[in-house]
Amino acid sequence: MNKLIGLVGTNSDHSTNRMLLQFIQKHFAGKAEIEIVEIKDLPIFNKPADMQVPAEVKALADKIEAADGVIISTPEYDHAVPASLMSALSWLSYGIYPFVDKPVMITGASYGTLGSSRAQAHLRQILDAPELKARIMPSSEFLLSNSLQAFDEDNNLKSQDRVKELEGLFEDFLLFIDIMKQLTHTHAMNKKAAENFSWENN
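Cut-off values and rules
Residues numbered from 1 in each chain as written. Predicted model: local features only at pLDDT ≥ 70, side-chain atom pairs only at ≥ 80, totals over all residues. Heavy atoms only, no water. Helix = DSSP H or I, 4+ residues; strand = E, 2+ residues; numbered from the N terminus. Rg over C-alpha atoms; globule rule 2.2 N^0.38 Å. Buried < 20%, exposed > 50% of the residue type's maximum accessible area, 1.4 Å probe, protein only. Core = buried A, V, L, I, M, F, W, Y, C linked by side-chain atoms within 4.5 Å. Contact = heavy atoms within 4.5 Å. Polar contact = N/O pair within 3.5 Å; in protein donor to acceptor, adjacent residues only side chain to side chain. Patch = residues over 30% accessible without salt bridge, like charges linked within 9 Å, V, L, I, M, F, W, Y side chains within 5 Å. Areas by Shrake-Rupley, 256 points an atom, 1.4 Å probe, with all protein chains shown as cover. Salt bridge = Lys/Arg side-chain N within 4 Å of Asp/Glu carboxyl O. Phe/Tyr/Trp six-rings, centres within 6.5 Å; stacked < 30°, edge-to-face > 60°. UniProt positions renumbered as here; feature names shortened; annotations may be inferred. Right-handed = clockwise from strand over helix to strand, strands pointing away. Pairing = 2+ DSSP bridges.

As named in an unreviewed UniProt entry, the protein chain is Nadph-dependent fmn reductase, taken from Trichococcus palustris.

In terms of helices and strands, the protein chain carries six helices and six strands. Scanning the protein chain from its N terminus toward the C terminus, one meets helices and strands in the order β-α-β-α-β-α-β-α-β-β-α-α. Taken over the C-alpha trace, the protein chain has a radius of gyration of 16 Å; the compact-globule value for 202 residues is 17 Å, and the two agree within 12%. Taking the principal axes of the C-alpha coordinates as reference, the protein chain spans close to 50 × 35 × 30 Å. Counting over 202 residues, the protein chain shows a buried share of 50%.

One broad rule of soluble globular proteins: the nonpolar side chains tend to lie buried together. Counting residues in hydrophobic clusters, the biggest one holds 32 residues, and the most contacted among them are Ile 72, Phe 99 and Leu 127. Of all elements in the fold, only strand E1 (2-8), helix H2 (55-66), strand E3 (69-73), helix H3 (83-91), strand E4 (103-109) and helix H4 (117-127) reach the threshold of two or more residues within this core. When sequence neighbours within four positions are dropped, the list of residues in contact with Leu 127 reads Ile 72, Leu 89, Phe 99, Val 104, Ile 106, Leu 132, Lys 133, Ala 134 and Ile 136. Core analysis: the second largest hydrophobic core is formed by 27 residues, Leu 20, Phe 23, Phe 28 and Met 180 among them.

Let us look at the side chain of Ser 87. Mapping Ser 87 onto the fold places it in helix H3. A polar atom in the side chain of Ser 87 sits 2.8 Å from the backbone nitrogen of Phe 45. Contact partners of Ser 87, with chain neighbours within four places excluded, come to Pro 43, Ile 44 and Phe 45.

Okay, a nonpolar patch on the surface next. On the surface, a cluster of nonpolar side chains totalling about 260 Å² of accessible area is made up of Leu 175, Ile 179 and Leu 183. When you line up the elements, Leu 175 lands in helix H5 (residues 160-182). Relative accessible area serves as the criterion here: at 49%, Leu 175 is assigned to the partly exposed category.

Across all of its chains, the model carries four aromatic pairs by this definition. Consider the rings of Phe 45 and Tyr 94, whose centres lie 5.2 Å apart with planes at 80 degrees: the pair is edge-to-face. You can see Phe 45 sitting in the loop between strand E2 (32-37) and H2 and its partner Tyr 94 sitting in the loop between H3 and E4, a full 49 residues away along the chain. Here Phe 45 falls in the partly exposed class, since its relative accessible area comes to 26%.

The UniProt record marks residues 3-147 with the feature "domain: NADPH-dependent FMN reductase-like" (unreviewed entry), using the residue numbering of this structure. Helix makes up 30% of residues 3-147 and strand 20%, whereas the separation of the span's terminal C-alpha atoms amounts to 27 Å.

Attention shifts here to the pairing of E1. Most of E1 is tucked away, with six of its seven residues classed as buried. With helix H1 (residues 16-27) bridging E1 and the parallel E2, this β-α-β connection has right-handed handedness. Judged from the five bridges that link them, E1 and E3 form a sheet pairing that is parallel. Residue pairing in the sheet places Val 8 in a bridge with Ser 73 of E3.

Structure (structure tokens):
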């Protein structure tokens with residue numbers, strides 16, 4: 001069984017993105033082991049000169065490194081991902097490179113009607129950066145709009161159409177992970193390229 005990380009892409013204590021990941025964890029428990037991890041306790045990225053990342057960042061990086069894939073659920077603030085998620089990803093590409101070639105599925109929930117579509121596009125762009133170089137599942141979006149009304153009292157999605165959509169995307173993600181496991185020939189080079197990349201020299 002695949003082991004996945006569900007990354008809560010916000011530092012908010014009350015987030016429907018966390019609820020969405022909790023639903024995914026419960027609904028797909030028979031298909032994958034999913035551990036939900038938080039970024040809310042990580043310090044703000046400050047680019048330490050000695051490139052020593054905080055212990056909690058290293059612990060998160062180790063979890064991502066060991067996982068078969070990562071599901072990131074992000075809200076949308078001002079057409080972009082939250083500053084806390086940007087900060088976390090900056091830490092996770094500063095002398096450590098757990099996302100290189102890591103299969104990633106992006107989801108998002110928002111209170112409005114757009115379901116974090118622009119934040120998801122922004123996150124794809126970030127994850128494709130030279131220091132991250134994740135393998136993002138293509139042509140897939142799960143956009144949970146009006147998310148405050150989307151869950152019942154047991155934290156289940158009310159709409160069976162949305163559940164079926166999510167089930168299809170999740171099956172595709174498991175297949176995507178299997179395919180990515182076969183594409184290992186350039187992993188060492190990709191990791192080395194990330195380690196050697198410097199914006200100062202480009």
